[in-house]
Amino acid sequence: MNDVLTFGETMIALRGSGPLKLGGSLDISIAGAESNVAIGLTRLGHPVRWAGAVGDDEAGQLVLRTLRAEGVDLGAATVDPGAPTGLMLFEPRLPDLTRVHYYRAGSAGSRLSPEAIERAFAAASPRLLHLTGITPALGPAPRAAADRALRLAREAGVQVCLDVNYRSRLWDSAVAGEVMRSWAPYVDVLIASDDELPLAAPASAGSELADQVKPLLDLGIREVVVKLGAGGARVHTATGELHRPARTVRVVDPVGAGDAFVAGYLSALLDDAELPARLDRAVTTGAFAVASHGDWEGAPTRAELPLLSAESGTVLR
Ligand code: KDG
């Protein structure tokens, strides 16, 4: 049985080394928030099923081959012959600023159906369903698929994690807020950066973080986890709150850090670890991501977790 079921769009990711309009060479890999979490969890030893859709094309083959090589269960993945695999371009424009360009309108991922998600659930109930706020931004079909997943999880007593993951290039914040608020009552673990939290909190909530967290806990959300970037992370529950600072590492690429954080948090939760250990693992896996290039490539295995505590300049022979 899989510990986790997740789905969402995974695309071909092309990374340049400077302004795109000047040309040059591109590195090819894959990227997708949910599959980044799936890889992060799989490397930590948790069985994960990814139920997204790719086109019947070479790009789709790269997505599936990569996930398969990482040990992610693809038994419920869809190959859609009627649409291409999505594409995203990463353009490092300044040392600390990367622009992202999406080519995903009409992609296979934007046509993922509720029926595909029914099949994914029918095979076996997971312990946890992980969704992100990117999926409903892709179109009515993936939004309906995610709605269906939330209802199936509720019926089967499967706990739900939602990472708000707001993408302003995909949809308007008012619409995103409507969807996130309608999903909140189904969620057990809500993960958001501090600027994303207002999208999930009731529209009437105040502007202070505490004013936004309380109504979410009152709704029945068990853990509200707030990512604070370089400030670390905080988890709020009905009985209190807990903070962990970020781990100190040399930042080489912040992309994928949020997904790595989620993988670490959920891994410790699935191990039945207490809240302090969940946050510790989350800030550790997040730090691995910012210290490595790519969306998911730097995700640690369980044996590698202690490496982050090694002194600078350590060579392991
Ligand atoms: O931030 C890492 C991923 O979320 C990103 O690279 C891919 O899913 C993605 C998106 O839609 O931006």
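Residues numbered from 1 in each chain as written. Predicted model: local features only at pLDDT ≥ 70, side-chain atom pairs only at ≥ 80, totals over all residues. Heavy atoms only, no water.

By the naming in an unreviewed UniProt entry, the chain is Sugar kinase, taken from Nocardia terrae. Turning to the chain, the UniProt annotation filed under Sequence similarities (unreviewed entry) states: "Belongs to the carbohydrate kinase PfkB family." (UniProt positions renumbered as here; feature names shortened; annotations may be inferred.)

Enquirer: Sorry if this is basic, but what is going on with the packing of aromatic side chains here?
Expert: Aromatic ring pairs are reported here in terms of the distance separating the ring centres and the angle at which the planes meet. The tally for this structure, following the rule as stated, stands at zero aromatic pairs. Between Arg104 and the ring centre of Tyr102, over which it is positioned, the NZ or CZ distance is 4.6 Å. (Phe/Tyr/Trp six-rings, centres within 6.5 Å; stacked < 30°, edge-to-face > 60°. Lys NZ or Arg CZ within 6 Å of the ring centre and 35° of its normal.)

Enquirer: Please clarify how the pairing of strand S9 (residues 128–132) should be interpreted in this entry.
Expert: Side-chain positions along a regular strand alternate between the two faces of the sheet. Of all five residues that make up S9, five are buried, and the element is covered over most of its length. Here S9 shows no split at all, with Leu128, His130 and Thr132 on one side and Leu129 and Leu131 on the other all buried. As paired elements, strand S1 (residues 4–6) and S9 share three bridges and run parallel to each other. In the strand pairing of S9, Thr6 is matched with His130. Crossover S9 to strand S10 (residues 159–163) through helix H4 (residues 140–156) is right-handed. (Buried < 20%, exposed > 50% of the residue type's maximum accessible area, 1.4 Å probe, protein only. Helix = DSSP H or I, 4+ residues; strand = E, 2+ residues; numbered from the N terminus. Pairing = 2+ DSSP bridges. Right-handed = clockwise from strand over helix to strand, strands pointing away.)

Enquirer: For this particular structure, what's the right way to read the site of the ligand?
Expert: Among the 15 residues in the neighbourhood of the ligand, the closest are listed as Ala33, Tyr102, Arg104, Arg167 and Asp295. In the environment of the ligand, an oxygen atom lies 3.5 Å from a nitrogen or oxygen atom belonging to the side chain of Asp259. The side chain of Asp295 places a nitrogen or oxygen atom 2.7 Å from an oxygen atom of the ligand. Here the ligand has 320 Å² of accessible area as a free molecule, and 91% of this is covered by the chains. At the level of secondary structure, the elements contributing two or more residues to the shell around the ligand comprise helix H1 (33–43) and strand S7 (87–94). For the shell around the ligand, the class distribution of residues is eight nonpolar, three polar and four charged. (Near = heavy atom within 4 Å. Polar contact = N/O pair within 3.5 Å; in protein donor to acceptor, adjacent residues only side chain to side chain. Areas by Shrake-Rupley, 256 points an atom, 1.4 Å probe, with all protein chains shown as cover. Nonpolar A, V, L, I, M, F, W, Y, C, P; charged D, E, K, R; others polar.)

Enquirer: Is there a simple way to think about the layout of surface pockets in this case?
Expert: The method is simple in principle: a probe with the dimensions of a water molecule rolls over the atoms, and the space it marks as empty is what remains. When its volume is computed, the second largest pocket comes out at roughly 240 Å³. For the second largest pocket, the full set of lining residues is Val249, Arg250, Val252, Phe288, Ala291, Ser292, Leu307 and Leu308. For the lining of the second largest pocket, the per-class residue count stands at six nonpolar, one polar and one charged. (1 Å grid on protein atoms, 1.4 Å probe; cavity = no way out; pocket = protein on both sides within 12 Å on 5 of 7 lines; lining within 4 Å. Points joined across faces, edges and corners; volume = space filled by probe spheres on them.)

Enquirer: Can you help me understand H1 in this one?
Expert: Turn by turn, an α-helix covers 3.6 residues, leaving residues three or four places apart pointing in a common direction. In terms of residue burial, H1 counts as a mostly covered element, since eleven of its eleven residues are buried. Of the residues flanking the end of H1, it is Gly45, one or two places downstream, whose phi is positive at about 100°.

Enquirer: Explanation requested: empty space enclosed by the protein in the structure shown.
Expert: Under the defined criterion, the tally for this structure stands at one cavity of 30 Å³ or more. Residue lining of the largest cavity: 17 residues in total, with Ala260, Ala289, Asp295, Trp296 and Ala299 positioned closest to the centre. Elements with a contribution of two residues or more to the lining of the largest cavity: H1, helix H8 (257–270) and helix H9 (275–290). With three residues, H8 is the single largest residue contributor to the lining of the largest cavity. In the lining of the largest cavity, the residues fall into seven nonpolar, seven polar and three charged.

Enquirer: In this structure, what is going on with the sheet that holds strand S2 (residues 11–15)? I would like to understand it.
Expert: Strands pair in a sheet through their backbones, by hydrogen bonds, and they do so in one of two ways: parallel or antiparallel. Strand order in the open sheet made by the four strands is S3-S2-S7-S8, with mixed pairing throughout. For this open sheet the edge positions go to strand S3 (27–31) and strand S8 (97–103), each flanked by a neighbour on one side alone. Averaged over all pairs of adjacent strands, the angle between strand axes in this sheet comes to 30°, irrespective of strand direction. Bridging between S7 and S8 involves seven bridges; their strand directions are antiparallel. In the sheet register, Leu94 faces S8, and the bridge partner there is Leu97. Packed on one face of the sheet, helix H2 (residues 58–69) meets S2 and S3 and runs near 70° to S3. (Axes fitted to C-alpha atoms, helices over the stretch in contact; angles between N-to-C directions. Contact = heavy atoms within 4.5 Å.)

Enquirer: Would you mind going over the nonpolar core with me for this structure?
Expert: Grouped together as the largest cluster of nonpolar side chains are 44 residues, with contacts concentrated most on Phe7, Phe121, Leu129, Leu190, Leu216 and Val224. Tallying contributions element by element places H4 first for this core, with six residues. The next biggest cluster of nonpolar side chains, apart from the first, holds 32 residues, and it includes Val48, Val189, Ile191 and Leu270. (Core = buried A, V, L, I, M, F, W, Y, C linked by side-chain atoms within 4.5 Å.)

Enquirer: Where do I start with the side chain of Arg49 in this structure?
Expert: The residue Arg49 is located in strand S4 (residues 48–50) in this model. Within polar-contact distance, the side chain of Arg49 engages the side chain of Asp73 at 3.2 Å. The residues contacting Arg49, other than those within four sequence positions of it, are Asn2, Val4, Leu5, Thr6, Asp73, Gly75, Ala76, Ala120 and Ala123.

Enquirer: Even after reading the chapter, I still don't get the environment of His130, so can you show me in this structure?
Expert: In this structure, His130 sits in strand S9. The class for His130 is buried, based on a relative accessible area of 0%. Here the alpha-carbon distance between His130 and Leu266, two residues 136 residues apart in the chain, equals 9.2 Å.

Enquirer: Looking at this structure, I do not really get the sheet that holds S4. What am I missing?
Expert: Across the sheet, which stays open at both edges, the eight strands sit in the order S4-S1-S9-S10-S11-S12-S13-S14 with mixed pairing between neighbours. Of all the strands in the sheet, just S4 and strand S14 (240–244) have a single pairing partner and so form its edges. The average undirected angle you get between the axes of adjacent strands in this sheet is 15°. Bridging between S1 and S4 involves three bridges; their strand directions are parallel. Across the sheet, residue Thr6 finds its bridge partner in S4, namely Trp50.

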